[in-house]
Amino acid sequence: GYAVAKATSGEEALARLGTGLKPNLLITDIHMPGMNGIELIRQVRAMPGFQFTPILVVTTESQQARRDEARAAKATGWLVKPVQPDDLLKVVKQILPNG
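If you're wondering where the values come from, they're calculated on a predicted model, not measured in any experiment. (Residues numbered from 1 in each chain as written. Predicted model: local features only at pLDDT ≥ 70, side-chain atom pairs only at ≥ 80, totals over all residues. Heavy atoms only, no water.)

Asks: Whenever I open this one, the packing of aromatic side chains confuses me. Can you help?
Replies: Any aromatic ring pair is given by two values, namely how distant the centres are and how the planes are angled relative to each other. For the structure shown, the criterion picks out 0 aromatic pairs. The positively charged end of lysine 22 is found above the aromatic ring belonging to phenylalanine 50, 4.3 Å away from the centroid. (Phe/Tyr/Trp six-rings, centres within 6.5 Å; stacked < 30°, edge-to-face > 60°. Lys NZ or Arg CZ within 6 Å of the ring centre and 35° of its normal.)

Spelled out as structure tokens, the structure:
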């Protein structure tokens, strides 16, 4: 029941956001081609209008240092793969209760 827009890299995501895409929630991995997810979060947070957009990290990374780095970049939440679809939907519904 959610409209989904995809990007194959952090750079593509930034370009799409810069041309008017305004998601209610952004989901990223840490490991992506080119720009990593932490840098994507930092750059999205620096864009006008995206300071409060929820950003969820879904990744294989489970180290506390990486979580702290994401939190410092202002990620909203963190899930460790593998994530079951129902579990992801529960988190999305918590982040976007009216979405």
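Asks: Looking at this structure, how should I read the environment of threonine 28?
Replies: Within the element layout of this structure, threonine 28 appears in strand S1 (residues 26-28). Each C-alpha atom, one on threonine 28 and one on threonine 76, is 11 Å from the other, the two residues being 48 residues apart in sequence. Setting aside its immediate chain neighbours within four residues, threonine 28 contacts Gly37, Leu40, Ile41, Ile55, Leu56, Val57 and Val58. (Helix = DSSP H or I, 4+ residues; strand = E, 2+ residues; numbered from the N terminus. Contact = heavy atoms within 4.5 Å.)

Asks: I would appreciate a short explanation of the sheet that holds S1 in the present structure.
Replies: Strands pair in a sheet through their backbones, by hydrogen bonds, and they do so in one of two ways: parallel or antiparallel. Taking strand neighbours across the sheet as the criterion, the 3 strands line up as S1-S2-S3 in an open arrangement whose pairing is parallel. The two strands at the open ends of the sheet, each matched to only one other strand, are S1 and strand S3 (77-80). Averaged over all adjacent pairs, the angle separating strand axes in this sheet is 20 degrees, with direction ignored. Direction of pairing for S1 relative to strand S2 (residues 55-59): parallel, over a ladder of 3 bridges. Within the sheet, the bridge partner assigned to threonine 28 lies in S2 and is valine 57. (Pairing = 2+ DSSP bridges. Axes fitted to C-alpha atoms, helices over the stretch in contact; angles between N-to-C directions.)

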